[in-house]
Amino acid sequence: MPTRRSLLLAALAGTVLQLPALRAGASSGNPPMAAGYIDLMPDFWNAYTQAEGAADRAQALQDSFFAPHHEIYAAAGLKPRTERIARWLPDFDVMAADVRRIVADFPAIHAAHTRRFAEAFPDFDRTRAPIYLLPSLFAFDGHLEPGDGQLPLFIGADGLVRYHGTSPDLAVFLDHESFHLYQSQIAPEVMLDPAPPVYVMLWTEGAASYVSERLNPDAALLHVLLDDVHLAGANAATRRELAAAILAVLDSTREADALRFFSAGATGPWPARGAYLVGLEVARRIGRDLPLAQLPRLQGAALRGRLARELAALAAGED
């Protein structure tokens, strides 16, 4: 599973893409953005069902779904080739029922999320942040990619099951991702930095995790921490060690340091993506003094100094 923030920073550092006009809505009977997001799943399910009796199911899906939507996939940074679809299909078949259930629940959960998020962040411009729901061939659960002056969110319905299990907390997921979109509107120069220091990445992810927790007070810590059982189960000693290790590289812009604390594939003495856990703990402390809408406005030297103090306190085991 790619790290969300590495994907965002890599995307924002690249060339601006032109998002295609949506043609899927008309063919599926769903007008663009009618539900507040662009839903490609009705088209996909039709193609998936029709391909059941085909001699080459992967090619049938390529012809009936992926090829007609190739511009949207290109905007998401994906090039679905028939060979990749063929490799993906057996694993997707096993989870298809779960994906159908999650997709069926998505409209109501998204509508509640939109209302909740607007109350907390009334200046968030959702028109600059369209959401696409589509199969991602397991490339991502959520992926941010700039285009045409917007920062759309592409949600992989299959990726949600692949990386979060059969019962993902979509409310937590949507609040986390939407806060990243809000951060990009409030502090675009920070989010556009192609090589941000560790402290910026720590705050970016920590604040998003904290906001998703605050807006969903009944959510399990496991869901707030990306459904990572190792992070959610980390003991106090591990948290102290992580805080000290991150503090030591707070100003680093080295990719190796970012990967060590933010990558799902990191190996070492601590759980992978340990910065998500420490970032959440730090954001909780800072959130005692700041309203949610002020979190992305804390930047620069003031942010760096506050993070350093809170990390030192965490490393020392102070409340």
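Above this text is the structure in question.
The structure displayed is predicted, hence computed values, not measured ones.

(A) View of the overall build of the protein chain. Along the backbone of the protein chain there are 16 helices and four strands. Split into buried and exposed, the 319 residues of the protein chain put 55% on the buried side. Within the structure as shown, the protein chain displays about 13,100 Å² of accessible surface, and the carbon and sulfur contribution to it stands at 53%.

(B) Geometry of the packing of helix α10 (residues 198–215) against helix α15 (residues 274–287). Where α10 contacts α15, the two axes come as close as 7 Å, and the packing angle between them is 65 degrees. Taken together, the axes of α10 and α15 are roughly perpendicular relative to one another. Between α10 and α15 lies a crossing of right-handed hand. Contact residues: α10 offers Leu202, Trp203, Glu205, Gly206, Ala207, Ser209, Tyr210, Glu213 and Arg214, while α15 offers Ala275, Tyr276, Val278, Gly279, Leu280, Ala283, Arg284, Ile286 and Gly287.

(C) The packing of aromatic side chains, seen in detail. All chains considered together, the criterion is met by 24 aromatic pairs. Consider the rings of Phe44 and Phe92, whose centres lie 5.5 Å apart with planes at 85 degrees: the pair is edge-to-face. With Phe44 in helix α3 (residues 41–50) and Phe92 in helix α6 (residues 82–120), the pair connects residues that are 48 residues apart, well separated along the chain. Of the two residues examined, Phe44 and Phe92, each falls in the buried class. For Arg100, the ring lying beneath its charged end belongs to Trp45, and the centroid distance is 3.9 Å. Seen from the ring of Phe138, Arg162 lies directly overhead, with NZ or CZ sitting 4.3 Å from the centre.

(D) Broad picture of the sheet that holds strand β4 (residues 153–156). Pairing in this open sheet of four strands is mixed, and the strands run β1-β2-β4-β3 from one edge to the other. In this open sheet, the two edge strands, each paired with only one partner strand, are β1 (38–39) and β3 (142–144). Looking at chain direction, β1 and strand β2 (residues 131–134) are connected through two bridges and run parallel. Residue Ile38 lies in a different strand from β2, and its bridge partner there is Tyr132.

Conventions we followed
- Residues numbered from 1 in each chain as written.
- Predicted model: local features only at pLDDT ≥ 70, side-chain atom pairs only at ≥ 80, totals over all residues.
- Heavy atoms only, no water.
- Helix = DSSP H or I, 4+ residues; strand = E, 2+ residues; numbered from the N terminus.
- Buried < 20%, exposed > 50% of the residue type's maximum accessible area, 1.4 Å probe, protein only.
- Areas by Shrake-Rupley, 256 points an atom, 1.4 Å probe, with all protein chains shown as cover.
- Axes fitted to C-alpha atoms, helices over the stretch in contact; angles between N-to-C directions.
- Parallel < 35°, antiparallel > 145°, perpendicular 65-115°, else oblique.
- Left-handed = near helix turned anticlockwise from the far one by under 90°.
- Contact = heavy atoms within 4.5 Å.
- Phe/Tyr/Trp six-rings, centres within 6.5 Å; stacked < 30°, edge-to-face > 60°.
- Lys NZ or Arg CZ within 6 Å of the ring centre and 35° of its normal.
- Pairing = 2+ DSSP bridges.

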